[in-house]
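# Residue-level structure breakdown
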Amino acid sequence: MKKQNKSTPVTLIAFVITLFVIFVIVAFLLLGKGNTNANTRPRNLTYDTGWTFIENGSNQGTVNLPVKMTTPSSGISVLKKQLPSNISSRDAIAVRNYHQLLHVRIGDSIIFAYPNLGWNGVGNIISDEWIVVNLKPEYAGETIELHFTNTSMFKTSFNISNVYYGTDNDVVQHIRSTTFMPFLWGLIIFLIGLFLLIMSAVYARPTDQRPNTAMGAALLCFGLWLLNRSLMPVLTRFSGALYIFAVLALMFVPPCIFLYSYYRNKEHRQISMKCYIVAIAADVFIMLSCIVIRYNANIIAILCYSLAGVGIILNGVLLYRSAYGDKANLLTRTELLLNRTEFLANIILPIIIIAESILFRDRMWTEMSMFFRSGLLIYAFIYLVFVFWRNRLALSDRVNVTNRLKENQLKLMMDQIQPHFLFNTLSAIRILIKMEPDMAYDAMYDFSKYLRANIDNVNNIDGIDFASEVEHIKSYVNIEKIRFGDRVNAVYDIQCDDFFVPPLSIQSLVENAIQYGILPKMRGGTIWLRSYETNDYDVVEIEDDGVGFTRDTAAHLFSIYASDDDKVGMESNQVLRTALTEVMENLNLTDSTGNPIVFTKPVKNNDLTEEHQSSSTMNIFLRLREMSGAKFEIASTEGEGTLIRVLIPKN
């Protein structure tokens, strides 16, 4: 309960901060769209007509912008036009380069060069952006030349965009106004990714947030790429460095998507991990090859989009299996709804990618249309709601688990001091007092230790050291030996005991082994309690040579549905059902003929006989898993015995 109260305010604070950041940035951009001197603003900033187009030294005549260009590797394209006869000191011209080197000339002088200051990009990757060049009054009537040099090792086709002319403030504000919505969409996607990462950190302890962390990182990185692709002139001084940063962010998107698929679909992790390794290898190859190869950014974008598309399709297939496959009937209605919603939301992404490639193929890869941005935003919003819903259910599950653990611990204690147990034990001691006084003395000592340990541990949720649990077990076994004589035998092989376990947990497994394994045999049997350590685990083994699991006794342990239509109890809680699934993954049961006992569908309590409908064993496993992080291995052969191995992580 405390965890829920702490997490919710932190999440709300993070959400409020995120909204505030969005508000500040949007307000800044909106206020910056206007000109403080509206009366002097020109009605039309376009400067697109009357340009002379020269391609690789060949005059192509006069063109109006925008115009499509096809330039070979290291090819040069030139646009020429005479400037107005009157130029003020605040006038500027704005042009966009498409990953080319750009020189702006007046006569024989270069008045602007991109990249400047000797900077030639990072790894031979040149940005594309809006470039604003300030003009001087003495340039009036001169011919301005725009020289575009292809930086790619490949022949490329691209459009020369519109050219704007006016005061520097008007030009910048006009570009901001045309790029505002793409920038805003990218900003929202970026902030959704950031918020997912914040939520993942907040909820990391009570729930598994690794899939959300991976998806949050993917959306954040792609949001950074879209922010840069909006070409909003925000930090023009650092635009080249920001572009390289955006390219690196784009390269991280495919690995994050495959990582999400790896954590989200536990049953198909191998293929996701292989794809993840391929994506990482591709990124490393690109980064290393950029040192010696002149890349057009389109090539990097195509590779990243292709890998991301494969990841999206793979995730869609795996989500379909979890939502509509054979194991979908293991899910509750709520979880089934969530899985199917996530699958349907995932379909949005390949649809918008296909539509983008058909409708906007001329500016695909580095030019993202609002159609693509809107579709991605819809997916991101659905996923955010989806995560909120799942986290809310997970916290509710955790509260239920905490309450159930407390109830189970109290129930275990009460079960072990039931009146008939007390009466039978005291009767056996009473007989011993007359026949074997020394044995009666020892028995009373064991009985008092047993009762004290049970009472002391009623409210103990911190765990006890295994040495104390062993003493408790020995007291219990000695009492049972008094009651049943040679039918109960115990062998102890304790090699380590300096680790913690939930109170009454291992003792309860020993009790179950005696009650349901050894005593049903006419001649009784032996129970072995062992402990040892490996590099990663402290291991406890409880083994008996009793009757073993039959199909019915195993089924009641792993039943998860109360009835066909009423899903209550174990199946309504994700934590409990996950614990059950983990136990069943390491289950090796065979019947008396040596054939394996396999459960191919959920077992329902109302399908079992009455004697097999109540078991506390699963609750014991749950307490060990939640309080100690334990894993379990269970092997049993009908008529020969059972081995339960509890592996407790050393950390």
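As shown above, the structure is provided for reference.
Basis of the calculations
- Residues numbered from 1 in each chain as written.
- Predicted model: local features only at pLDDT ≥ 70, side-chain atom pairs only at ≥ 80, totals over all residues.
- Heavy atoms only, no water.
- Helix = DSSP H or I, 4+ residues; strand = E, 2+ residues; numbered from the N terminus.
- Buried < 20%, exposed > 50% of the residue type's maximum accessible area, 1.4 Å probe, protein only.
- Contact = heavy atoms within 4.5 Å.
- Areas by Shrake-Rupley, 256 points an atom, 1.4 Å probe, with all protein chains shown as cover.
- Phe/Tyr/Trp six-rings, centres within 6.5 Å; stacked < 30°, edge-to-face > 60°.
- Pairing = 2+ DSSP bridges.
- Axes fitted to C-alpha atoms, helices over the stretch in contact; angles between N-to-C directions.

The number of helices and strands found in the chain is 15 helices and 21 strands. Taken across its 651 residues, the chain has 49% of its residues classed as buried. For the chain, the share of sequence-separated contacts (at least 6 apart) that also reach a separation of at least 24 residues comes to 77%. For the chain, the exposed surface amounts to about 31800 Å²; the carbon and sulfur share of it is 58%.

We now examine the packing of aromatic side chains. Counted under the stated rule, the structure contains 15 aromatic pairs. A centroid spacing of 5.8 Å and a plane angle of 75 degrees characterise the contact between Y324 and F343, whose relative ring orientation is edge-to-face. Within this pair, whereas Y324 is found in helix α6 (residues 297-324), its partner F343 is found in helix α7 (residues 333-359), the two being separated by 19 residues in sequence. Between F466 and F499, the ring centres sit 4.9 Å apart and the planes meet at 15 degrees, which makes this aromatic pair stacked. Taken together, the residues F466 in helix α11 (residues 466-484) and F499 in the loop between β13 (488-494) and β14 (500-501) connect sequence positions 33 residues apart. With a relative accessible area of 0%, F466 lands in the buried category. Taking the relative accessible area as the measure of exposure, F499 reaches 5% and is therefore buried. Among the aromatic residues, ring-to-ring pairing joins Y260, Y379, Y383 and F386 into one connected group.

An order of β13-β15-β16-β21-β20-β18 is seen for the 6 strands of this open sheet, with the pairing classed as mixed. Every interior strand has two partners, whereas the edge strands, β13 and β18 (587-590), have only one. Looking at each pair of strands side by side, their axes are set apart by 10 degrees on average, direction ignored. Looking at chain direction, strand β15 (residues 525-533) and strand β16 (residues 537-544) are connected through 7 bridges and run antiparallel. The residue of β16 that forms the bridge with S531 is V540.

Everything listed here is a matter of geometry and, on its own, says nothing about what the molecule does.
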